[in-house]
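Chain by chain, the residues:
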Amino acid sequence: MRTDRLITRRRLLRAAAGAAAVLPLSRLVYAQSLKPVKFTLPWVAEGSNLYTFVAKGMGFWEKHGLDVTIARGSGSVASAQAIGSAQFDFGLSAPPAAILQSVKGLSLMALATCGYDATMGIGVLNDSPIKTPKDLEGKQLGSTVTSGEFPFLPAFADRAGFDFSKVTINQVDNKVRNRLLSEKKVDAISGFASSAMPEYVATGVPAHFMLYSEYGIPNYGNTLFTQPERVEKEPELCAAVVAGLLEGLRATLLDPAEAMNVFFKQIPELMLAAQAKEQTRVGTGIMTFVSARDTLKSQGMGYIDAKDYEAMTDLVMKYIAKPDDKRPAVDSMMTNKFTGGIKFTEAELATAMKNCAEFRAYVT
């Protein structure tokens, strides 16, 4: 088994190296040392962002001339603010949070997406009488008003065809929200499946999420951002960061078990926490589910659909922005200049889809 893992790792490294060769401006050359890069996560180190540690731990960033320091985050809004104000050179955030900062005048540029669904939605127990969104009427919903999915609940109600005024909202702290559902103190919760379901599965709580995206509400997951000025002034650096990150994501999608090994070697203290390995496994599986789409084969890894970004901007302007806020142009907030260099084969996409098959039941 140990030999098999080593062979798998070597195979992934060789494959990623070959794929990276076609990325535009993907390699930086520094005379004596690696280029230091400050990178922030949108949240704590977990399965949903594990591939960043694979990019670092398997040397993908290093081979592009980068020494990347990864910092934990405290939410997508905070990470978007920190990236936009150049406290970090690059980082991950959810597009709605970044779009809102651009609306407020703190510009960010999306360089590549790592997931085509943030898994915003409604969580219910498997034995709940709530089988469709319409069944939420007359029920109690546990929600955290500062959570990213909360502002879009009215949009979800409109698209899913239920009367939002007939749902009782219990405003709760995010630290207790998940527990309220498992203890049946609320009928459902709003939140992110990628955060809630790893905990539920690891502790034996049978639950699943009804996703906003199933009702025509686009909401991309973790996306790589930097400042627009950096794209203009340091395109080679941007290309190198994108290339290393996507190579780490590719390795994770194709061999999540090995990716977890790399992850825990860098953060061994996580193994001390109860259920840490299972939570990470489920989080990685859900991340694979939202990343393994046909786009990886047709357009290449990281590709951002401008129409989707336009639709996400529509949602931000309607449900979060102030009436007198100015709408930013989509081409000032995203670019595909650095994506498309790594394309999955039919077999590779099939492997990624197989790796996430177990986790579909949690988000459908």
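What comes next is a walk through the structure.

Analysis parameters
- Residues numbered from 1 in each chain as written.
- Predicted model: local features only at pLDDT ≥ 70, side-chain atom pairs only at ≥ 80, totals over all residues.
- Heavy atoms only, no water.
- Helix = DSSP H or I, 4+ residues; strand = E, 2+ residues; numbered from the N terminus.
- Buried < 20%, exposed > 50% of the residue type's maximum accessible area, 1.4 Å probe, protein only.
- Polar contact = N/O pair within 3.5 Å; in protein donor to acceptor, adjacent residues only side chain to side chain.
- Contact = heavy atoms within 4.5 Å.
- Pairing = 2+ DSSP bridges.
- Axes fitted to C-alpha atoms, helices over the stretch in contact; angles between N-to-C directions.
- Core = buried A, V, L, I, M, F, W, Y, C linked by side-chain atoms within 4.5 Å.
- Disulfide = S-S within 2.5 Å.

## Overview of the environment of Leu106
- Following the sequence through the fold, Leu106 ends up in the loop between α5 (95-103) and β4 (109-113).
- In this structure the C-alpha to C-alpha distance between Leu106 and Ser85, which are 21 residues apart in sequence, comes to 7.1 Å.

## Focus: the side chain of Glu348
- Along the chain, the position of Glu348 falls in helix α15 (residues 346-356).
- For Glu348, a relative accessible area of 17% translates into the label buried.
- Within polar-contact distance, the side chain of Glu348 engages the side chain of Arg250 at 2.2 Å.
- Here Thr345 takes part through its backbone nitrogen, which lies 3.0 Å from a polar atom of the side chain of Glu348.
- Those residues in contact with Glu348 that sit more than four places away from it in its chain are Arg250, Leu254 and Lys343.

## Remarks on the sheet that holds strand β10 (residues 223-226)
- Spatially, β2-β1-β3-β10-β4 is the arrangement adopted by the five strands of the open sheet, whose pairing is mixed. With partners counted over all chains shown, the strands left at the sheet margins are β2 (66-71) and β4, one partner each. Neighbouring strand axes in the sheet, compared pairwise and without regard to direction, differ in orientation by 30 degrees on average.
- The pairing of strand β3 (residues 90-93) with β10 spans three bridges and is antiparallel. Bridge assignment links Ser93 to a residue of β10, and that residue is Thr223.

## Describing the nonpolar core
- Within the largest apolar cluster, 49 residues are counted, with the highest numbers of intra-cluster contacts made by Trp61, Phe90, Leu111 and Leu224.
- Top element by residues in this core is helix α10 (residues 235-254). It accounts for 12 residues.
- Listed in part, the 43 residues of the second largest apolar core include Ile130, Leu136, Ala188 and Met333.

## So, the state of the cysteines
- Inspection of every chain in the model, using the stated rule, returns zero disulfides.
- Here Cys114 is not cross-linked by a disulfide; its sulfur's nearest cysteine counterpart is in Cys238, at 15 Å.
- When its relative accessible area of 3% is taken as the criterion, Cys114 is described as buried.

## Some details on the pairing of strand β1 (residues 35-40)
- Inspection of the sheet shows β1 paired to β2 by six bridges, in the parallel sense. Pairing of Phe39 across the sheet is with Ile70, part of β2.
- In this sheet, β3 lies alongside β1 in parallel orientation, the contact comprising two bridges. Counted as the bridge partner of Thr40 is Gly91 from β3.

## With respect to the sheet that holds strand β6 (residues 140-143)
- Across the sheet, five strands lie side by side as β7-β6-β8-β5-β9; this open sheet has mixed pairing. Edge strands, defined here as strands with exactly one partner in the open sheet, are β7 (168-171) and β9 (207-211). Taken over all neighbouring pairs, the strand axes of this sheet differ in orientation by 35 degrees on average, direction set aside.
- As judged from the four bridges shared by β6 and β7, these two strands associate in the parallel manner. Pairing of Gln140 across the sheet is with Thr168, part of β7.
- Relative to strand β8 (residues 188-192), helix α7 (residues 174-182) is tilted by about 140 degrees, and along the sheet it contacts β5 (120-125), β6 and β8.

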